[in-house]
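Coordinate analysis (summary)
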2 protein chains.
Amino acid sequence: MEDSVNRLRFKRLGIHTQHEHFAYMREDCEVCISEGFEALTRIRITSGRKSIVASLNVIRTDILTPEEISLSESAILALGIKEGKYVTISHLNPINSLSYVRSKIYGNNLSAIKLKEIIEDIVSGNYSNVHLSAFITACAGNRMTSDEITFLTQAMISSGQRLSWKNKLVVDKHCIGGLPGNRTTPIIVSIVTAFGLTMPKTSSRAITSPAGTADTMEVMTIVNLTMAQIIKVVEKEGGCIAWGSTAKLSPADDILIRVEKSLDLDSEGQLIASVLSKKAAAGSNHVVIDMPIGDTAKIRSIEAANKLKVEMEKVAHAIGIKLKIVITDGTQPVGRGIGPALEARDILSVLRNEENAPTDLKERAILLAGELLELSGKVELGDGNEKARKILESGEAYKKFKAICNAQGRFTEPKLALYKHEIKADLAGTVIKVDNRRLAKIAKLAGAPSDKEAGIDFMAPIGIEVEKGQTLYIIYAESRGELEYAMEYYNSQTDILTIE
Amino acid sequence: MEDSVNRLRFKRLGIHTQHEHFAYMREDCEVCISEGFEALTRIRITSGRKSIVASLNVIRTDILTPEEISLSESAILALGIKEGKYVTISHLNPINSLSYVRSKIYGNNLSAIKLKEIIEDIVSGNYSNVHLSAFITACAGNRMTSDEITFLTQAMISSGQRLSWKNKLVVDKHCIGGLPGNRTTPIIVSIVTAFGLTMPKTSSRAITSPAGTADTMEVMTIVNLTMAQIIKVVEKEGGCIAWGSTAKLSPADDILIRVEKSLDLDSEGQLIASVLSKKAAAGSNHVVIDMPIGDTAKIRSIEAANKLKVEMEKVAHAIGIKLKIVITDGTQPVGRGIGPALEARDILSVLRNEENAPTDLKERAILLAGELLELSGKVELGDGNEKARKILESGEAYKKFKAICNAQGRFTEPKLALYKHEIKADLAGTVIKVDNRRLAKIAKLAGAPSDKEAGIDFMAPIGIEVEKGQTLYIIYAESRGELEYAMEYYNSQTDILTIE
């Protein structure tokens, strides 16, 4: 009987709400009235054999008729529904695993089975953002035991796909709390795969920054690979540097991480589970963690780093990953370029051993690649750095990088945008402060990351002495309009760089 | 400069999202691109001198143009903006008080000043549902000290209006976790105001139930009173029974309570702050709390009730409220009617001392009114119940009830709906179980609470012996269609009543 009463016709409005599914129904539609549905009620929506949970927003204008329902983009995808089809709307039975979340809020520990059920419900979209936030909060503040973190990591691994590779020894690296311009990844992959290790690397695109590793790589090659293509590239070249979105590895992590960001909450347990579940699901078993420490970095003190290190090693051990945590300098951006093409140029200049290649980027890549070589057991402890340097400086790494790019579909030389404006020093002195946030904003106003060639070439790191009139940085844009747009913002600001 | 770049024209789409403000912008609009805004980014929207914080949903169809922005209904109200006007969109500076929430998550206690800032931000709409959920979760699980609960209560009181009354002694009652049909309020107000006490009572409408006290009162009088009208009625008659929505008392509570419901989380601290802040803001200083205990009630054991009692009395003392907690039976619905007019009929039959008046409703009202009389200090301890009974049975309470109704605008006799269907017992036996949730659904499908005369007249409480063919309940509806609609559901169900 529910079927005949609670049916509405689907109309797409194209509202993108991220992970949480939303349904839109007229306030005066029969279903809302008879069921007592109101804004934010959680309801079940069924189409054929597929069924999802959604939060309700009620509509008071004629963008919908009382016979229609709309769904957020994620809900449309999950239901696989076409415009004009009918869906059934019903009351939601209580989500069982939410009682475990409440139990955790009241201070009880969660078992492996309960954490698995929670993670499965999260991946199925059964939790609203309110529920996700409660789960994250209940687990934060060091309220998870080592066992719970291990269970959570295992639950997250089994929530999605899990890759396996012909070569049993699979390496990876991860940087906790990225630094601007820290594009060591393509260089490290090139070095360790040139050495002969397997490193199937997937990276992300920019969310709020002017470039992610995937955006930068896209300047030089194709990153939008299917899982089958990634496997083919890795089988041929030993490694890849692809966009990670198509692989459904630890999907729970993608959902939780958005809510954590929104709370600006770095829960130790969630962080460990996030990083290690992604690596384990990708089939990696030897992982180097780059842990930059600095005032604006995610980890701010050696003490905090060491605490995290101990806990992370415990969990890694439990899930069969050999882990090496490398503490690095997180006080400054790395490299010179800000924006996809400019960062790609930095990477290539390091790989090509050009004279003006950014030393910080090169040394950081060698350090981490060396650690990976040693961790793999194929290079003696203490010899990794030298070995990595040799592979890079001999040109082998560059050769491998081009081979990987070609295997991914093409190798293209980065170009810089036609329109540019040089920002010069007003006075002589030493650069003592750089506002990375506002520099990033200028790069974005100039068009990065969607305009690949746009961005900033930055030549004035902290500590450098400059003369009056010396170029501090150059703003690049693909059109005159965008350059003016970025300049307009630049002109409205003061003290992006402080010189004393 | 931000002004010239980040301006969009407002178009109303009529999307109602409850308290959290949402903004809708085209994914390909210049502001989203240049600012790096994506779904769920928190942004500041300014119109004239008013400014709000909203969560962003991005739009991928032409329900908006790239030059337009839409806002959720709550955001439109908060900005006071008209269609076609321009708004300015800007990045949001971090909300300072969220760092206090994080501090609480990490186990630190919150000071009065910090809790005040949190509550002010919540009332201003600066917290998303994700933030609200984190705050509630961090305070749940008995993680608040008595001091913190007191500070929270005080912060909530000062977040909105605060009423004061000529008569210094002001009484009120509150029921924690309402029971179906528990309409003691109008009877209690009539008794204690007939005695001479001041009781400015405001009640809520139904959210998901077939009737709230305000819906029931609306059958007999006008409940939609302005603050000025409430004051006038109370000055004349000593009391009122109005809808509480127009008075902006403890507005933070209204916001927090929705998120708590969504989490199904009864945090002791939040519950105490919620109840006591509303009462204090309404100017009450002598309050009786009806605390029903039962398996399906909010409080499930005497032990839990006593724990809550101790903490609640501590906070009440700190904010200057004299409190009496009365533990009552919460195992069964009270009265016979389900739906506004049917419940109004029960109230009147008690006030008029009719022979078939529901005894449970009458005795409960007398009990609580007696406690209020004693708490006021105007009646000796031990004499309250007798005094309350006398006022009710003498007809004084009924006289006062009609006077209050007339002061509020009218007194109207409730009528029952024309269309009805009697549900009869299939077999003889004892009623051992009643599914209140499904009974409520039938009442709602029949039209309650928007159709005031619709609902259920229920004659078969647990424990009663019935004969085969005896009427168990009668379904009332204002139209034949709605009656059929309710019956269709009824026919699809089994065991709404269990007879053995």
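This section reports on the structure supplied with the text. (Residues numbered from 1 in each chain as written. Chains lettered and ligands numbered in written order. Predicted model: local features only at pLDDT ≥ 70, side-chain atom pairs only at ≥ 80, totals over all residues. Heavy atoms only, no water.)

So, on to the sheet that holds strand β17 (residues 465-466) of chain B. Ordered in space as β17-β15-β19 (chain B), the three strands form an open sheet in which the pairing is antiparallel. The open sheet is flanked by β17 and β19 (497-499) of chain B, the only strands paired with a single partner. (Pairing = 2+ DSSP bridges. Helix = DSSP H or I, 4+ residues; strand = E, 2+ residues; numbered from the N terminus.)

So, about the packing of aromatic side chains. For the structure shown, the criterion picks out nine aromatic pairs over all chains. Three or more aromatic residues link up through ring pairs in this structure, and these residues are A:Phe22, A:Tyr24, B:Phe22 and B:Tyr24. The side chain of A:Arg205 reaches across the aromatic face of A:Trp243, ending 4.2 Å from its centre. (Phe/Tyr/Trp six-rings, centres within 6.5 Å; stacked < 30°, edge-to-face > 60°. Lys NZ or Arg CZ within 6 Å of the ring centre and 35° of its normal.)

Residues and elements named next belong to chain A. For Asp266, the location among the structural elements is in the loop between α11 (251-263) and α12 (268-281). Under the relative-accessibility criterion, Asp266 is labelled partly exposed at 40%. The sequence separation of Asp266 and Ile136 amounts to 130 residues, and the corresponding C-alpha distance is 9.7 Å. (Buried < 20%, exposed > 50% of the residue type's maximum accessible area, 1.4 Å probe, protein only.)

What follows is about unusual backbone geometry. Peptide bonds are, in most cases, trans, and in most cases residues other than glycine have a negative phi. A cis amide bond links A:Ala448 to the next residue, A:Pro449, at an omega of 0 degrees. On the secondary structure map, A:Pro449 appears in the loop between α18 (436-445) and β16 (455-458). We note that B:Ser250 has phi near 45 degrees; this positive angle belongs to a residue other than glycine. One can find B:Ser250 in the loop between β10 (239-243) and α11 (251-263). Taking relative accessible area as the criterion, B:Ser250 reaches 0% and is therefore assigned buried. We note that B:Asp495 has phi near 60 degrees; this positive angle belongs to a residue other than glycine. Along the chain, B:Asp495 turns up in the loop between α19 (480-492) and β19.

Right, let's get into the pattern of salt bridges. All names here are of chain B. On inspection of all chains with the given rule, the structure shows 63 salt bridges over all chains. Between Arg42 and Glu20 there is a salt bridge, with the nearest N and O atoms lying 3.9 Å from each other. Highlighted residues: Arg42 in strand β4 (residues 42-47) and Glu20 in the loop between β2 (15-16) and β3 (22-26), separated in sequence by 22 residues. Note on accessibility: Arg42 and Glu20 belong to one class, buried. With a closest N to O distance of 2.9 Å, Arg345 and Asp346 form a salt bridge. (Salt bridge = Lys/Arg side-chain N within 4 Å of Asp/Glu carboxyl O.)

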